[in-house]
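One-letter residues, chain by chain:
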Amino acid sequence: MSVTENNVSEAMREGVVIPATSRAERFTSHDVEAFEVPGGREENWRFTPMKRLRGLHDGSATVSGSATVDADAAPELKIEKVGRDDERLGVAGVPSDRIAAQAYSSFTEATVITVPKETKTSKPSTVKITGPGEGKVAYGHVQVRAEQFSEAVIVLDHVGSGTYADNVEFVIGDSANVTVVSVQDWADDAVHVSEQHLKLGRDATLKHIVITLGGDLVRVSPTATFADKGGDVEMLGLYFADEGQHQEHRLFVDHAVPNCKSRVMYKGALQGDDAHTVWVGDVLIRAAAEATDTYELNRNLVLTPGARADSIPNLEIETGEIEGAGHASATGRFDDEQLFYLQSRGIGEDAARRLVVRGFFHEILVKIGVPEVRERLEAAIEAELEAVGV
């Protein structure tokens, strides 16, 4: 069913799910009021439990606290606190939904992290973002800028309690090579909605890793765009949802210039009643994006009854002059053949199940490249499995 702008409200009243349109036509704006208040039936929101957003989507979530930003950074980095009027802010992308626009309109101070030109940092840098506290609401903005020919590894570590919405920008200059890791390890009560904007310059390389472990509701939406030829983005994700948790990852890779490459691989596991994960991966290859090379993959492992994983890959191609394009998605339970193989060699059932889960995540873990983060993840996965006796 086709739904025009004039009958959107009527369709929502009648219970119609508003269908997706071409990603090339998606609306963006910094103005909150340019977006209608979502009702939960729009394609962009139909998987999200709207009541659990605590008013982030309709403007009723007013600021009542603040998030804190602390850094353990390489000495080569420059970290600044800037006001809303800083002309560098917003260059990586424009909000594409009402919550992102609300976050952009509501923050009072942004953190800008700069990797200077032709600089290779001496160590990975960690920026810890702590929520406003239980029952409180805050909005934030972080921008990571990697200037020409720079190299760095930066970890954004989200912890604590509260309700928090933000925009995160990654501005990757020409020929820069950057790895960024966004960890969502919130307390059980936390709600976090984040739109992340990735903009790559000419011949820039970005490895963007999203890791989601905690929180009541976490929704992360990364969008990758290319400013010039030769950009290469690898978007990796690992998520583990427990009882009652909602974790949602919505990706968009916009190929609008020639000779760029993207690789997407997200893997998730979930266990417990009402554990719910959502992965939506959209890739658009525009008519001008000749010689594009792209592939996206999502895998989900359901560990217990009562858990649900939704996985939707989408590929839209406007030109036939490409190097390659494809996508794959699968959701399943334990592989009985793998369990039988391990048990037939004297490994107990519980140990065999843990080995299967570790093997499932191994492909992501080895790509992280930050030993401290990888060890932390391995310990967190082990703790999740012990919690339900897997």
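Residues numbered from 1 in each chain as written. Predicted model: local features only at pLDDT ≥ 70, side-chain atom pairs only at ≥ 80, totals over all residues. Heavy atoms only, no water.

A.B. asks: Before we move on, could you go through the overall build of the protein chain and cite the residues and values that matter?
C.D. replies: In terms of helices and strands, the protein chain carries 5 helices and 18 strands. For 390 residues, the compact-globule estimate of 2.2 N^0.38 gives 21 Å, and the protein chain sits close to it at 21 Å. With the C-alpha coordinates aligned to their principal axes, the bounding extent of the protein chain is approximately 65 × 60 × 50 Å. Here the contacts in the protein chain between residues at least 6 apart in sequence split such that 86% fall between residues at least 24 apart. A total accessible area of about 16100 Å² is found for the protein chain, and carbon and sulfur atoms account for 45% of it. If the 39 positive side-chain charges of the protein chain are averaged to one point and the 63 negative ones to another, these points end up 2 Å apart. (Helix = DSSP H or I, 4+ residues; strand = E, 2+ residues; numbered from the N terminus. Rg over C-alpha atoms; globule rule 2.2 N^0.38 Å. Contact = heavy atoms within 4.5 Å. Areas by Shrake-Rupley, 256 points an atom, 1.4 Å probe, with all protein chains shown as cover. Lys, Arg positive; Asp, Glu negative; His and termini not counted. Charge placed at Lys NZ, Arg CZ, Asp CG, Glu CD.)

A.B. asks: Describe the sheet that holds strand S16 (residues 293-302), with residues and values.
C.D. replies: In sheet architecture, strand pairing relies on hydrogen bonds along the backbone and comes in two forms, parallel and antiparallel. Read across the open sheet, the 9 strands follow the order S1-S4-S6-S8-S10-S12-S14-S16-S18; overall the sheet is mixed. With one partner strand each, in any of the chains shown, strand S1 (68-72) and strand S18 (324-332) form the two edges of the open sheet. Between one strand and the next, the sheet's axes are offset by a mean angle of 10 degrees, whatever the strand orientation. Where strand S14 (residues 261-270) and S16 come together, 10 bridges link them in parallel fashion. The partner of serine 262 across the bridge, within S16, is threonine 294. (Pairing = 2+ DSSP bridges. Axes fitted to C-alpha atoms, helices over the stretch in contact; angles between N-to-C directions.)

A.B. asks: How would you sum up the sheet that holds strand S2 (residues 78-83)? Please name residues and give values.
C.D. replies: The 9 strands are arranged S2-S3-S5-S7-S9-S11-S13-S15-S17 in an open sheet whose pairing can be described as mixed. Bordering the open sheet on either side are S2 and strand S17 (308-317), each of which pairs with just one other strand. Averaged over all neighbouring strand pairs, the angle between strand axes comes to 10 degrees, with direction disregarded. As defined by bridge partners, strand S13 (residues 246-255) adjoins strand S15 (residues 276-285) across 10 bridges and the pair is classed as parallel. Within the sheet, the bridge partner assigned to valine 253 lies in S15 and is valine 283. Where helix H2 (residues 98-106) meets the sheet, its contacts fall on strand S5 (137-146), strand S7 (163-172) and strand S9 (191-200), and the angle it forms with S7 comes to roughly 85 degrees.

A.B. asks: Please give an account of the layout of surface pockets that cites residues and values.
C.D. replies: One simple way to see leftover space: roll a probe sized like a water molecule over the atoms. Of the pockets and cavities examined, the second largest pocket occupies roughly 280 Å³. Lining the second largest pocket are 18 residues; nearest its centre among them are Ser66, Ala67, Thr108, Glu109 and Tyr139. Here the element with the most residues in the lining of the second largest pocket is S5; it accounts for 5 residues. (1 Å grid on protein atoms, 1.4 Å probe; cavity = no way out; pocket = protein on both sides within 12 Å on 5 of 7 lines; lining within 4 Å. Points joined across faces, edges and corners; volume = space filled by probe spheres on them.)

A.B. asks: Describe empty space enclosed by the protein, and please don't skip the residues or the numbers.
C.D. replies: Under the counting rule described, the total for this entry stands at 1 cavity of 30 Å³ or more. Quantified by volume, the largest cavity comes out at close to 40 Å³. Along its surface, the largest cavity is lined by Asp97, Ala100, Asp166, Val193, Ser194, Glu195, Arg219 and Ser221. Breaking the lining of the largest cavity down by element, the ones donating at least two residues are S9 and strand S11 (217-226). In terms of residue count, S9 provides more of the lining of the largest cavity than any other element does, 3 residues in total. Looking at side-chain class alone, the lining of the largest cavity contains 2 nonpolar, 2 polar and 4 charged residues. (Nonpolar A, V, L, I, M, F, W, Y, C, P; charged D, E, K, R; others polar.)

A.B. asks: Describe the side chain of arginine 98, naming the residues involved and giving the relevant values.
C.D. replies: Residue position: arginine 98 is located in helix H2. A polar contact of 3.0 Å, which involves the side chain of arginine 98, links it to the backbone oxygen of histidine 57. Excluding residues that lie within four positions of it along the chain, arginine 98 makes contacts with Val32, Glu33, Phe35, Glu36, Val37, Pro38, His57 and Asp58. (Polar contact = N/O pair within 3.5 Å; in protein donor to acceptor, adjacent residues only side chain to side chain.)

A.B. asks: Which residues make up the pairing of strand S8 (residues 177-184), and what values do they have?
C.D. replies: Side chains on a regular strand alternate between the two faces of the sheet. For S8, a buried count of 7 out of 8 residues is recorded, marking the element as mostly surrounded by other parts of the structure. One ladder, built from 8 bridges, connects strand S6 (residues 151-159) with S8; its direction is parallel. Bridge pairing in S8 links alanine 152 to valine 178. Here S8 pairs with strand S10 (residues 205-212) via 8 bridges, running parallel. Paired with threonine 179 across the bridge in S10 is lysine 207. (Buried < 20%, exposed > 50% of the residue type's maximum accessible area, 1.4 Å probe, protein only.)

A.B. asks: Give me the lowdown on the confidence of the model for the protein chain, citing residues and values where you can.
C.D. replies: Across the protein chain, pLDDT averages 91, with 92% of residues at or above 70. Counted against residues more than four places away or in other chains, residues 1-18, with its pLDDT under 50, gives 21 contacts. (pLDDT = per-residue confidence, 0-100.)

A.B. asks: Please set out the pattern of salt bridges residue by residue, giving values where relevant.
C.D. replies: Counted by the stated rule, this structure contains 17 salt bridges. Here glutamate 80 ties to arginine 88 by a salt bridge, and the two come within 3.0 Å at their closest N and O atoms. The buried category is assigned to glutamate 80, whose relative accessible area is 19%. Among the residues examined, arginine 88 registers a relative accessible area of 22% and is labelled partly exposed. Notably, a salt bridge pairs arginine 263 with aspartate 293, separated by 3.1 Å at the nearest N-O pair. Here the residue arginine 263 occupies a position in strand S14, and aspartate 293 occupies one in strand S16, the gap between them amounting to 30 residues. We classify arginine 263 as partly exposed; its relative accessible area is 29%. Residues joined in a network through salt bridges with shared partners are Glu80, Asp86 and Arg88. (Salt bridge = Lys/Arg side-chain N within 4 Å of Asp/Glu carboxyl O.)

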